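Descriptive analysis of the structure
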Amino acid sequence: MTIAAASKVKRDLSSDDDDDVPLSQTLRKRKIDSASSASSHDDADPYDSDEAISKISKKKKTKRIKTEPLSSPPSPKKKTTTPKPKKIKKENSDVKVKATKKKKEQKKKQEEEDQEAEDQKLKDEEDEYKWWEKENEDDTIKWATLKHNGVIFPPPYQPLPSHIKLYYDGNPVDLPPQAEEVAGFFAALLESDHAKNPVFQKNFFNDFLQVLKENGGTLNNVELKEFSRCDFTKMFDYFQVQKEQKKQLTSQEKKQIRLEREKFEEDYKFCELDGRKEQVGNFKVEPPDLFRGRGAHPKTGKLKRRVNPEDIVLNLSKDAPIPPAPEGHKWGEIRHDNTVQWLAMWRENIFNSFKYVRLAANSSLKGQSDFKKFEKARQLKSHIDAIRRDYTRNLKSKVMLERQKAVAIYLIDVFALRAGGEKSEDEADTVGCCSLRYEHVTLKPPNTVIFDFLGKDSIRFYQEVEVDKQVFKNLTIFKRPPKQPGHQLFDRLDPSILNKYLQNYMPGLTAKVFRTYNASKTMQDQLDLIPNKGSVAEKLLKYNAANRTVAILCNHQRTVTKGHAQTVEKASNRIQELEWQKVRCKRAILQLDKGLLKKEPKYFEEIEDLTKEDEATIHKRIIDREIEKCQRKFVRENDKRKFEKEELLPETQLKEWLEKVEEKKQEFENELKTGEVELKSTWSSVEKIKAQVEKLEQRIQTSSIQLKDKEENSQVSLGTSKINYIDPRLSVVFCKKFDVPIEKIFTKTLREKFKWAIESVDENWRF
DNA sequence: TGAAGAACTTAGGAAAGTATCC
DNA sequence: GGATACTTTCCTAAGTTCTTCA
């Protein structure tokens, strides 16, 4: 049974088995789908005639304004209302860090800089703003003053060397740089799954041809007609070489590059919010590229156009200096809207929607939003019983809308489904609760439901679960003919109806609050089960197991990494080898003192567990590995010598190494034949070997636990729930109570993001 | 009132960085 | 000390929800 199902059983919402009262009797005429034909049958059975049925997988025509696919995005429209700040805080002195151009006198300078950075950090910490110790302020006004330096634009396109070209029917193609850039985007992905996706290819090729046309076509009059006749391999190879060269730089060179980059970014990385220095999140404008939609995305592969300063709207204080636009350009618009959190925005050309530059996760504004989110989820604690009572009752409501609401909230509450908003044709076909369709739910009497659909990011949600009997009955009704695949299960619902209903219980309550609530509640319950004993590593493992329970509840998945199967195999082999070594030790003990077998039969039991076949396999594996190691060592050593122009190792050297391995092989073969171990010099007494056995046992246990953890985590992503759903205060309390360093649970970035939590709770705090 | 617009949170994969192994 | 494995951060897509407008 899945965790979600288990939690469901725990809560077990009882329902009696009354038959359904005809829903149609109380159904009033409703206008569900304005797009559908207006039939009005007030009293008939809803599923015979109700117009809601026409809501066949209703997709928005286009969610956003349609624009020509490749036209430059229009400048964002100016807001008509200018919000008035309710209070203006006194501005502090300008703390902007002025980048001074120093010459590189390497070490000494570096040390000085490090010291400076340290000092600055300390200074920052001193006057750090602990918003969580202040009174809750009005949150419609996000700031009184906001100063920043704008955004960083991606570097202009660097044309490829003249011998690197696209080939068409085997002939080189001379492209104008604008088109070459787009071809390069594709070439860079040549070995990825994207490049093999026909939709991606088609979208890319259309946009590529259009850019080519806009720029006068190919320079050597090759006419490009078909994607399949294009050959991008030369470009791809070139990018690979460049990547390799970058990798080959010395660590010193890499560091130098990093430092220069950091210095350049410094001015953009921070802004001044109400006089305080705060970090900006995504201060870099997204570079042009091919849009990589997830799942079966109709627009995947389309060209994401380069964003120019003219496309950008900056948001800052009226009195803040306007950062200069890049040479020869000007900003699209300057705005002074202190009711929003963003510093800059632009309209992108794929969906014609906005992209925003915001503050970083460790900023006060983000922190406050986060805090409020968890407090809201905690507030749900005092309403959840009433909500569950009501939806259990409403599962039998005579009003269809009420039944649908009840079932939907049940699913959201028990299985942690997302709200499920409407989607347009030009997005991937994914669903959430309200948008579930006939084919996503299979009913197996008496009360088993199989959910199988693609959720956010086209991640599959598959669960076979037992549900409340009345829920099962209602789902049967929602699927009754004439409904068929393609039809909406909840034909009278959408998230806004659901959320409006939820707000009756609690202001601000929406479908997504349930996910936060149930995730944090589950974490609290799981943590409560952990005994306060054992090593830090053991406690951590338990914490991760609790975290995993939450991740599974929220269906947070990740793709299994490429080498996973191999890694697991390797690790299990190692464990098997450790077991074998243990057996060998025990054999050695008996060789020293045969009498022990009778005295401690249990201790020596496992000697018999190891079969000859297993032992032979282990021997072979070890020997093969050693041989391979020798060969690798030989090649590596000679490569190095060749590079340093030294004399190469002779083949006899390799032979010598291999002979040693051969000796070992003989030893193993003997051992297998006689069952006698060759005693090592360190095995001088029974006690010494027993101590070694103990060490091996410890290693086996640790490795086994780690392997199990790794396997269980291979498809589950713990991060998302840790970052977004589990109240960080729970983790802080766990660390305090169990004496686990917070660093073991939160990375540096997370510690910064959750500073408010780390500094605000004691060990008695509960979610 | 509903659709579109806007603003925000949530999400997985890629890239970069770090630790560990040999 | 280099290769490899693992962890963390970055990037930006994809959701939800709130607001505005006709």
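These numbers were taken from a predicted model, which means no experiment stands behind them.

What follows is about the domain arrangement of chain A. According to the domain assignment, chain A contains domain 1 (144–151 + 252–363), domain 2 (165–249), domain 3 (365–508) and domain 4 (561–713). Computed over C-alpha atoms, the centres of domain 1 and domain 3 are 36 Å apart. Each partner contributes to the interface: domain 1 provides 14 residues, whereas domain 3 provides 10 residues. Of the roughly 970 Å² buried between domain 1 and domain 3, counting both surfaces, carbon and sulfur atoms make up 57%. Of all residues in domain 1, the largest losses of buried area upon contact with domain 3 belong to Arg 294, Gln 341 and Ser 363, amounting jointly to 42% of the total for that side. Between domain 1 and domain 3 we count 2 salt bridges in total. Put simply, Asp 457 and Arg 294 hold a salt bridge, and the shortest N to O gap is 2.7 Å. Taken together, the connections running from domain 1 to domain 3 amount to 5 residue pairs in polar contact (both at pLDDT 80 or more). Grouping the constituent residues of the side of domain 1 that touches domain 3 by class yields 7 nonpolar, 4 polar and 3 charged.

Attention shifts here to the environment of Ile 627. You can see Ile 627 is positioned in helix H19 (residues 612–643). Its relative accessible area of 29% is what places Ile 627 among the partly exposed residues. Residues Ile 627 and Glu 659 lie 32 residues apart in sequence; the distance between their C-alpha atoms is 9.7 Å. If near-sequence neighbours (up to four positions away) are discounted, Ile 627 is found in contact with Leu 658 and Val 661.

This part takes up helix H4 (residues 177–188). Each turn of an α-helix holds 3.6 residues, which means side chains three or four residues apart point in the same direction. The first and last C-alpha atoms of H4 sit 16 Å apart over 12 residues, in line with the 16 Å expected at 1.5 Å per residue. H4 sits mainly inside the fold: 9 of its 12 residues count as buried. Looking only at H4, the buried set comprises Ala 179, Glu 180, Glu 181, Val 182, Ala 183, Gly 184, Phe 185, Phe 186 and Ala 187. Here the buried face of H4 lies against helix H5 (193–196), helix H6 (198–214), helix H7 (233–248), strand E7 (289–290) and strand E8 (303–304).

Before going further, it helps to spend a moment on the side chain of Lys 299. You can see Lys 299 is positioned in the loop between E7 and E8. Judged by relative accessible area, Lys 299 falls into the buried class, the value being 17%. Apart from the residues within four sequence positions on either side, Lys 299 is in contact with Asn 203, Phe 291, Ile 350, Phe 351 and Asp 426.

For any pair of aromatic rings, the description rests on two quantities: the centre-to-centre distance and the angle between the ring planes. Applying the stated criterion across every chain, the model contains 34 aromatic pairs. For the pair Phe 205 and Phe 208, a centre-to-centre distance of 6.2 Å together with 45° between the ring planes defines the contact as tilted. Of this pair, Phe 205 and Phe 208 both sit in helix H6, separated by 3 residues, roughly a single helical turn. Its relative accessible area of 0% is what places Phe 208 among the buried residues. An aromatic cluster is defined as three or more aromatic residues linked by ring pairs; in this entry it consists of Phe 186, Phe 200, Phe 204, Phe 205, Phe 208, Phe 227 and Phe 232.

Below, the discussion takes up the pattern of salt bridges. For the coordinates displayed, the defined rule picks out 47 salt bridges. Among the salt bridges present, the one from Asp 491 reaches Lys 483, with a minimum N-O distance of 3.1 Å. Taken individually, Asp 491 and Lys 483 each receive the classification buried, so the pair is uniform in this respect. Glu 579 is the partner of Lys 582 in a salt bridge, and the nearest nitrogen-oxygen pair spans 3.8 Å. Of this pair, Lys 582 and Glu 579 both sit in helix H16 (residues 564–592), 3 residues apart, which is roughly one turn of that helix. The exposure class of Glu 579 is partly exposed, given its relative accessible area of 29%. Within the structure, one salt-bridge network assembled from shared partners comprises Glu 579, Lys 582, Lys 586, Glu 606 and Glu 697.

Okay, the sheet that holds strand E12 (residues 354–357) next. Taken in spatial order, the 4 strands make up an open sheet running E10-E9-E11-E12, and their pairing is mixed. Here the strands that pair on one side only, and so sit at the sheet edges, are strand E10 (333–335) and E12. Ignoring strand direction, the axes of neighbouring strands in this sheet form an average angle of 20°. In the sheet, strand E11 (residues 344–347) pairs with E12 via 4 bridges, with the strands oriented antiparallel. Within the sheet, the bridge partner assigned to Met 345 lies in E12 and is Tyr 356.

Sheet analysis places strand E13 (residues 441–444) next to strand E14 (residues 448–454), joined by 4 bridges and oriented antiparallel. Each bridged residue has a counterpart across the sheet, and for Lys 444 the counterpart in E14 is Thr 448.

On to helix H14 (residues 511–528). In a regular helix each residue adds 1.5 Å, so 18 residues correspond to 26 Å; H14 covers 26 Å between its end C-alpha atoms and thus fits that length. Across the 18 residues that make up H14, a large majority, 13, are buried.

For soluble globular proteins, nonpolar side chains are generally found buried alongside one another. In this structure, Leu 411, Phe 415 and Phe 490 are the most contacted members of the largest nonpolar core, which totals 79 residues. Ranked by residue count, the leading element in this core is helix H11 (residues 400–415), at 11 residues. Counting residues in hydrophobic clusters, the runner-up holds 31 residues, among them Val 568, Trp 580, Leu 610 and Ile 622.

About the cut-offs
Residues numbered from 1 in each chain as written. Chains lettered and ligands numbered in written order. Predicted model: local features only at pLDDT ≥ 70, side-chain atom pairs only at ≥ 80, totals over all residues. Heavy atoms only, no water. Domains from an automatic or database assignment. Contact = heavy atoms within 4.5 Å. Buried area = accessible area lost by both parts, 1.4 Å probe. Salt bridge = Lys/Arg side-chain N within 4 Å of Asp/Glu carboxyl O. Polar contact = N/O pair within 3.5 Å; in protein donor to acceptor, adjacent residues only side chain to side chain. Nonpolar A, V, L, I, M, F, W, Y, C, P; charged D, E, K, R; others polar. Helix = DSSP H or I, 4+ residues; strand = E, 2+ residues; numbered from the N terminus. Buried < 20%, exposed > 50% of the residue type's maximum accessible area, 1.4 Å probe, protein only. Expected span 1.5 Å × (residues − 1). Phe/Tyr/Trp six-rings, centres within 6.5 Å; stacked < 30°, edge-to-face > 60°. Pairing = 2+ DSSP bridges. Axes fitted to C-alpha atoms, helices over the stretch in contact; angles between N-to-C directions. Core = buried A, V, L, I, M, F, W, Y, C linked by side-chain atoms within 4.5 Å.

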